Amino acid sequence: QSVLTQPPSVSGAPGQSVTISCTGSSSNIGAGYDVHWHQQLPGTAPKLLIFGNTKRPSGVPDRFSASKSGTSASLAITGLQAEDEADYYCQSYDSSLSGPVFGGGTQLTVL
Amino acid sequence: VQLVQSGAELKKPGASVKVSCKASGYTFTGYYTHWVRQAPGQGLEWMGWINPNTADTRYAQEFQGRVTMTSDTSIRTAYLELNSLTSYDTAVYYCARKSVSESNGYDFWGQGTLVTVSS
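This is a predicted model, so every value here is computed, not measured.

A. Examining the sheet that holds strand E1 (residues 2–5) of chain B more closely. Residues and elements named next belong to chain B. Read across the sheet, 4 strands follow the order E1-E3-E8-E7 without closing on themselves; strand pairing throughout is antiparallel. A single partner strand is all that each edge strand has here, and the edge strands are E1 and strand E7 (67–72). For this sheet the average axis-to-axis angle between neighbouring strands, irrespective of direction, equals 20°. Examined bridge by bridge, E7 and strand E8 (residues 77–82) share 6 bridges and lie antiparallel to one another. Bridge assignment links Val67 to a residue of E8, and that residue is Leu82.

See below:
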């Protein structure tokens, strides 16, 4: 059972938009710790997609955006493309566990 | 920036494994090296970190007593050693670079090392 809760799967057609939620608690997201998002393409290592709640590393398309509010965060992907099909993980810090924590991951299927 | 990990390992239950992660393209002692594992078909699990500058470490509670993280700054390499292996330790083990600030995520990852535990 992951500390951060994500939906197991989401799907959308090419060109559409999807949102992936990440729900935490008062010891992690709700405590003010930043949320980061990672994309893991099939058979590859994770890649940083969003850091510091809303910031995109160089090279990440602006189709990817994220937000944070209260004890939750969300990742939005607009203009879905086949290459976006991957697993997406949110990550934050938990003060009770004194370490980083991950969501269980969300599998995005582009129909 | 690159993190290059050692190759796949096959171990018997009860054995130990040591995985390496060689860094290049940045100041090795300027960032923490974290270790994260992923069991087959499962999510990401944080194992701990090492500060190569001070050799300080912090381990996730479930691995305490069974894991050792070290580094050799002369060859810019971090190591993960896991003891008393069971089938539940079968996973891909990743090293990842992270600054000390929690405002930054894991900005570079190694390619992963598959550790298979089987008799």
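B. Representation of the packing of aromatic side chains. Applying the stated criterion across every chain yields a total of 6 aromatic pairs over all chains. Between Tyr33 of chain A and Tyr93 of chain A, the ring centres sit 4.9 Å apart and the planes meet at 55°, which makes this aromatic pair tilted. Residue Tyr33 of chain A is found in the loop between strand E2 (18–23) and strand E3 (36–40), and its partner Tyr93 of chain A is found in strand E7 (residues 86–94); the two are separated by 60 residues along the sequence. The class of Tyr33 of chain A is partly exposed, set by a relative accessible area of 25%. Consider the rings of Tyr106 of chain B and Trp109 of chain B, whose centres lie 5.5 Å apart with planes at 65°: the pair is edge-to-face. With relative accessibility at 0%, the residue Tyr106 of chain B sits in the buried group. The class of Trp109 of chain B is buried, set by a relative accessible area of 11%.

C. Spotlight on the state of the cysteines. All names here are of chain B. Across all of its chains, the model carries 2 disulfides over all chains by this definition. Disulfide pairing is shown between Cys21 and Cys95; the S-S distance is 2.1 Å. Negative torsions about the S-S bond denote left-handed disulfides, and the value of about 75° found for Cys21 with Cys95 makes this one right-handed. Remark: Cys95 occurs in strand E9 (residues 91–98) and Cys21 occurs in strand E3 (residues 17–24); sequence separation between them is 74 residues. The exposure classification of Cys21 matches that of Cys95, with both residues buried.

D. Seen up close, the nonpolar core. Core analysis: the biggest nonpolar cluster contains 36 residues, and Trp35, Met47, Val67, Met69, Leu82 and Trp109 of chain B have the highest contact counts within it. Among the secondary structure elements, those contributing two or more residues to this core are E3, strand E4 (32–38), strand E5 (44–51), E7, E8, E9 and strand E11 (113–117) of chain B. Beyond its immediate stretch of four places on either side in the chain, Trp109 of chain B contacts His38, Ala45, Pro46 and Phe102 of chain A together with Leu3, Val36, Leu44, Tyr94, Cys95 and Ala96 of chain B. With 23 residues, the next largest nonpolar core counts Val60, Leu80, Val101 and Leu108 of chain A among its residues.

E. Local environment of the interface of chain A and chain B. Taken together, the contact pairs 18 residues of chain A with 19 residues of chain B. Among the residues of chain A in contact with chain B, Pro46, Pro100 and Phe102 of chain A are the three that bury the most area, contributing 33% of the side total. Summed over the shared surface of chain A and chain B, the result is 0 salt bridges. Where chain A touches chain B, the interface holds 6 residue pairs in polar contact (both at pLDDT 80 or more). Mapped onto the side of chain A that touches chain B, the elements with two or more residues apiece are E3, E7 and strand E8 (99–102) of chain A.

Cut-off values and rules
- Residues numbered from 1 in each chain as written.
- Chains lettered and ligands numbered in written order.
- Predicted model: local features only at pLDDT ≥ 70, side-chain atom pairs only at ≥ 80, totals over all residues.
- Heavy atoms only, no water.
- Pairing = 2+ DSSP bridges.
- Helix = DSSP H or I, 4+ residues; strand = E, 2+ residues; numbered from the N terminus.
- Axes fitted to C-alpha atoms, helices over the stretch in contact; angles between N-to-C directions.
- Phe/Tyr/Trp six-rings, centres within 6.5 Å; stacked < 30°, edge-to-face > 60°.
- Buried < 20%, exposed > 50% of the residue type's maximum accessible area, 1.4 Å probe, protein only.
- Disulfide = S-S within 2.5 Å.
- Core = buried A, V, L, I, M, F, W, Y, C linked by side-chain atoms within 4.5 Å.
- Contact = heavy atoms within 4.5 Å.
- Buried area = accessible area lost by both parts, 1.4 Å probe.
- Salt bridge = Lys/Arg side-chain N within 4 Å of Asp/Glu carboxyl O.
- Polar contact = N/O pair within 3.5 Å; in protein donor to acceptor, adjacent residues only side chain to side chain.

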